[in-house]
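Observations on chain architecture
Chain residues, written in single-letter form:
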Amino acid sequence: MSEDGFRAGLIDAIPIILGYMPVCLTFGAVGAGLELDPVLVFGFSALLYAGASQFVAIQLLAAHANGILIVATIMLVNLRYALLARSFRNRVEARGIAAKAAIAPLLTEEVYAVAMYGEREKGTSLSTRYILGLQIPPYFATMIFTAIGIGFGSIIPTSLLPAFSSSLYALLIGLVLPRILTDRTTAVTCAVSATVSAAISPIWGSALAVIAAAIASFTFYEALKRIGVLAQSNAKHELERQ
């Protein structure tokens, strides 16, 4: 995919943008409501760009938490991206350091879901142009709607903020659900992730639950893949013997 690949990415990015709009409005409004510096709140969207950890960061800042604790918490919450990146690299034709450096900072769960489980032809690699087309519009939308949220945070009813932020969960469910319904391995993996998250969250909190669920689901999925490869290899050897 050359220019067509970039345009295809732009089109596929539309659902991500629609999901980001209310969440970023909420983030900006919450930051304004906590009376944090607007430049600082905007900077989290522009530089951190990591969803849940942005909300964690501004809450800790508002509580005057220690800087080391804030950085450590953000790193802990963002460990999930290491797992996403390892799986993502098998789907993307990113040749060279420059291409990887361009893609890596803008990788999010939503971009991952569209790239891995979207309507692009399965079993084929996606070009760097397509991925950038998929990543760039949501990134700029994040900054734009964060700024709007900061500006209009004082007039958005507080009761509506939880509803806005929940839209991102609806987007993720909508992206992954078709895959769950058609692929048994994905369905079982998601069930494992949900079970681990539900079990750990009341004990250790949501941040550690997210990390534990990601590690558990990744390990489980890789194990299933290895079992499948081993089964195919054994079947091949049996056919050769016959």
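Residues numbered from 1 in each chain as written. Predicted model: local features only at pLDDT ≥ 70, side-chain atom pairs only at ≥ 80, totals over all residues. Heavy atoms only, no water.

Here's the deal with the confidence of the model for the protein chain
This prediction gives the protein chain a mean pLDDT of 79; 81% of its residues lie at or above 70. Within the protein chain, helix H3 (residues 38-48) carries the highest mean pLDDT (93), whereas helix H10 (residues 161-165) carries the lowest (62). Counted against residues more than four places away or in other chains, residues 233-237, with its pLDDT under 50, gives 0 contacts. (pLDDT = per-residue confidence, 0-100. Helix = DSSP H or I, 4+ residues; strand = E, 2+ residues; numbered from the N terminus. Contact = heavy atoms within 4.5 Å.)

Looking at the environment of Ala 65
Mapped onto the elements of the fold, Ala 65 is located in the loop between helix H4 (52-62) and helix H5 (67-77). Using a relative accessible area of 25% as the deciding quantity, one classes Ala 65 as partly exposed. Ala 65 has contacts with Leu 60 and Ile 70, leaving out every residue within four places of it along the chain. (Buried < 20%, exposed > 50% of the residue type's maximum accessible area, 1.4 Å probe, protein only.)

Details of the packing of helix H8 (residues 109-117) against helix H9 (residues 128-152)
Axis separation between H8 and H9 bottoms out at 10 Å; the angle between their running directions is 140 degrees. With respect to their mutual orientation, H8 and H9 come out oblique. Crossing geometry of H8 relative to H9 is assigned as right-handed. Facing H8, whose interface residues are Val 111, Val 114 and Ala 115, H9 presents Tyr 130, Ile 131, Leu 134 and Gln 135. When the residues that make up the contact of H8 with H9 are grouped by side-chain class, the tally is 6 nonpolar, 1 polar and no charged. (Axes fitted to C-alpha atoms, helices over the stretch in contact; angles between N-to-C directions. Parallel < 35°, antiparallel > 145°, perpendicular 65-115°, else oblique. Left-handed = near helix turned anticlockwise from the far one by under 90°. Nonpolar A, V, L, I, M, F, W, Y, C, P; charged D, E, K, R; others polar.)

Focus on the packing of aromatic side chains
In this structure the tally under the stated criterion is 4 aromatic pairs. Aromatic side chains Phe 27 and Phe 55 sit 5.2 Å apart centroid to centroid with 75 degrees between the ring planes, which places their arrangement in the edge-to-face category. Of this pair, Phe 27 sits in helix H2 (residues 14-33) while Phe 55 sits in helix H4, placing them 28 residues apart in sequence. Ring centres of Tyr 49 and Tyr 139 lie 5.1 Å apart, and the angle between their planes is 85 degrees; this geometry places the pair in the edge-to-face category. Taken together, the residues span a long stretch of sequence, with Tyr 49 in the loop between H3 and H4 and Tyr 139 in helix H9 at a distance of 90 residues. Given the relative accessible area of 6%, Tyr 49 is considered buried. These aromatic residues form a ring-pair network of at least three members: Tyr 49, Tyr 139 and Phe 140. (Phe/Tyr/Trp six-rings, centres within 6.5 Å; stacked < 30°, edge-to-face > 60°.)

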